[in-house]
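Residue-level structure breakdown
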Amino acid sequence: MSAALPASSREWHLVARPHGWPEAEDFALREAAVAAPAEGRILVRNKYFSVDPYMRGRMNDVKSYTPPFKLDHPMDGGAVGEVIASNAEGFAVGDHVLHGLGWREIAHVPAQHAVKVDPDLAPLSAYLGVLGMTGLTAYAGLFEVASFKEGDAVFVSGAAGAVGSQVGQLAKLKGASRVIGSAGSDEKVKLLVEEYGFDAAFNYKNGPVRDQLKEAAPDGIDVYFDNVGGDHLEAAIGALNVHGRATICGMIAQYNATEPTPGPRNMALIIGKRLRLQGMLVGDHADLQPKFVQEVAGWLASGELKYQETVVEGIEKGYDAFVGLLRGENTGKMIVSLV
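What counts and how
Residues numbered from 1 in each chain as written. Predicted model: local features only at pLDDT ≥ 70, side-chain atom pairs only at ≥ 80, totals over all residues. Heavy atoms only, no water. Helix = DSSP H or I, 4+ residues; strand = E, 2+ residues; numbered from the N terminus. Rg over C-alpha atoms; globule rule 2.2 N^0.38 Å. Buried < 20%, exposed > 50% of the residue type's maximum accessible area, 1.4 Å probe, protein only. Areas by Shrake-Rupley, 256 points an atom, 1.4 Å probe, with all protein chains shown as cover. Lys, Arg positive; Asp, Glu negative; His and termini not counted. Charge placed at Lys NZ, Arg CZ, Asp CG, Glu CD. UniProt positions renumbered as here; feature names shortened; annotations may be inferred. Phe/Tyr/Trp six-rings, centres within 6.5 Å; stacked < 30°, edge-to-face > 60°. Lys NZ or Arg CZ within 6 Å of the ring centre and 35° of its normal. Core = buried A, V, L, I, M, F, W, Y, C linked by side-chain atoms within 4.5 Å. Contact = heavy atoms within 4.5 Å. Salt bridge = Lys/Arg side-chain N within 4 Å of Asp/Glu carboxyl O. Polar contact = N/O pair within 3.5 Å; in protein donor to acceptor, adjacent residues only side chain to side chain. Axes fitted to C-alpha atoms, helices over the stretch in contact; angles between N-to-C directions. Parallel < 35°, antiparallel > 145°, perpendicular 65-115°, else oblique. Nonpolar A, V, L, I, M, F, W, Y, C, P; charged D, E, K, R; others polar.

As annotated in an unreviewed UniProt entry, the protein chain carries the name NADP-dependent oxidoreductase and is attributed to Streptomyces rhizosphaericola.

Right, here's the structure in full:
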């Protein structure tokens, strides 16, 4: 089992449904008692937890692909930590695990929902990003959903984020003819070109996306990886070549909208260009996980694949980290450190 357990743990609760942008009053950091793990469960001291754009949708009380957060209950999400007590076969005190009960210091995790991770293969925080859900999203979304092939020209929106930055690099590693990214600051644009090897990038705040994309991709694009929606999706439909493909991964531009947002005005182009626009959820691609980890870990080890993290220190900063993510204050994966 374990040595003496901590008496309590802090955890973030959703206490009100946000209307538009989440406010501090919608959340509360509360104390909870810590009990020994029941049979088939492990107790994990979280070292890092993830904040992700999809969590904003779970704060609304609407039917969706994943249930909404319950009010006055701890929120959840990706986390990685160390086992401090085990009542489950195959898990020992000291093991490091990836699981889905973030937003708290101590997690009471069903063993079947925990995966051992190797801190010697990569830093633990990497299992929440480049080797985790966001990494698999990039990998599956580009290669399986968008059917990427060598020679494709690829446009990525939200390209300095955890998913987008990996999409662009994977495309380059697999022989893209041109990779273009959009981001929300000149610093991020510089990072995309100089650090991540994008062929071109632009700051979407500097002018119409359509015009900037046309200048960056004069011969059009074959693949669009959408993390933003809105004017980016409209611009991409205009730029896609015949038989182009788009992976619709996220639409962060409208997550905090309080009124219905207009769709692209050029949808008729989908017909003549024979475009394929396909939504994706990473949970549909779990079968790719072993191949993904093996391939990406190799690129990390060789230095061919680079990644950045924005780490916010302390559980009390969980709300700040989440809202900062929605505002685009992160470069790469946004992570809360409890170390």
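Let us keep going from here.
What follows covers the overall build of the protein chain. Counting its regular elements, the protein chain contains nine helices and 15 strands. Over its C-alpha trace the protein chain gives a radius of gyration of 20 Å, about what one expects of a compact globule, namely 20 Å for 339 residues. Each principal axis of the C-alpha distribution contributes one length, and for the protein chain these read about 65 × 45 × 35 Å. Relative to its 339 residues, the protein chain shows a buried fraction of 52%. About 15,200 Å² of surface is accessible on the protein chain, with carbon and sulfur atoms providing 52% of the total. In the protein chain, 31 side chains carry a positive charge and 41 a negative one; their mean positions are 4 Å apart.

Let us now look at the UniProt feature "domain: Enoyl reductase (ER)" (unreviewed entry) in the protein chain. With numbering aligned to this structure, UniProt lists the feature "domain: Enoyl reductase (ER)" (unreviewed entry) at residues 23–336. End C-alpha to end C-alpha, residues 23–336 measures 18 Å, and it is 27% helix and 25% strand.

On inspection of all chains with the given rule, the structure shows eight aromatic pairs. Seen from their ring centres, phenylalanine 155 and tyrosine 224 are 5.1 Å apart, and the 20° between their planes marks the pair as stacked. Placement of the pair is phenylalanine 155 in strand S8 (residues 153–156) and tyrosine 224 in strand S11 (residues 221–226), with a sequence separation of 69 residues. A relative accessible area of 0% places phenylalanine 155 in the buried class. In this structure, lysine 174 packs its charged tip against the face of phenylalanine 143, placed 5.8 Å from the ring centre.

Another point: the nonpolar core. Among the nonpolar cores identified, the biggest contains 46 residues, and Leu131, Val154 and Val296 are the most heavily contacted of them. Elements supplying a minimum of two residues to this core: helix H2 (133–145), S8, helix H3 (162–173), strand S9 (178–183), helix H4 (186–194), S11 and helix H8 (289–302). No other element matches the six residues that H2 contributes to this core. Ranked by size, the runner-up nonpolar core spans 21 residues in total, among them Val312, Tyr319, Met334 and Val336.

Relative to the elements of secondary structure, threonine 331 occurs in the loop between helix H9 (318–326) and strand S15 (333–337). The class for threonine 331 is buried, based on a relative accessible area of 18%. Setting aside chain neighbours within four positions, we find threonine 331 in contact with Ala160, Lys188, Leu191, Gln308, Glu309 and Thr310.

With that out of the way, let us pick up the pattern of salt bridges. Counted under the stated rule, the structure contains 13 salt bridges. Notably, a salt bridge pairs glutamate 105 with arginine 10, separated by 3.0 Å at the nearest N-O pair. Remark: arginine 10 occurs in strand S1 (residues 8–14) and glutamate 105 occurs in the loop between strand S5 (96–99) and strand S6 (106–110); sequence separation between them is 95 residues. Taking the relative accessible area as the measure of exposure, arginine 10 reaches 28% and is therefore partly exposed. Residue arginine 245 pairs with aspartate 152 through a salt bridge whose shortest N-O separation is 2.6 Å. In this pair, arginine 245 is assigned in strand S12 (residues 240–248) and aspartate 152 in the loop between H2 and S8, connecting sequence segments 93 residues apart. One exposure class covers both arginine 245 and aspartate 152, and it is buried. Through salt bridges with shared partners, a single ionic network connects Arg10, Glu105 and Glu316.

Position of arginine 58 relative to the elements: it lies in helix H1 (residues 54–58). In this structure the side chain of arginine 58 is engaged in a polar contact, spanning 2.9 Å, whose partner is the backbone oxygen of proline 67. With residues near it in sequence (within four places) discarded, arginine 58 still touches Arg17, Thr66, Pro67, Pro68, Phe69 and Asp76.

What follows is about the packing of H2 against H8. Between H2 and H8, whose axes approach to 10 Å, the crossing angle comes to 100°. Between H2 and H8, the angle falls in the class roughly perpendicular. Contacts from Gly135, Leu136 and Tyr139 of H2 reach H8 at Gln289, Lys291, Phe292, Glu295 and Val296. Split by residue class, the contact of H2 with H8 holds four nonpolar, two polar and two charged.

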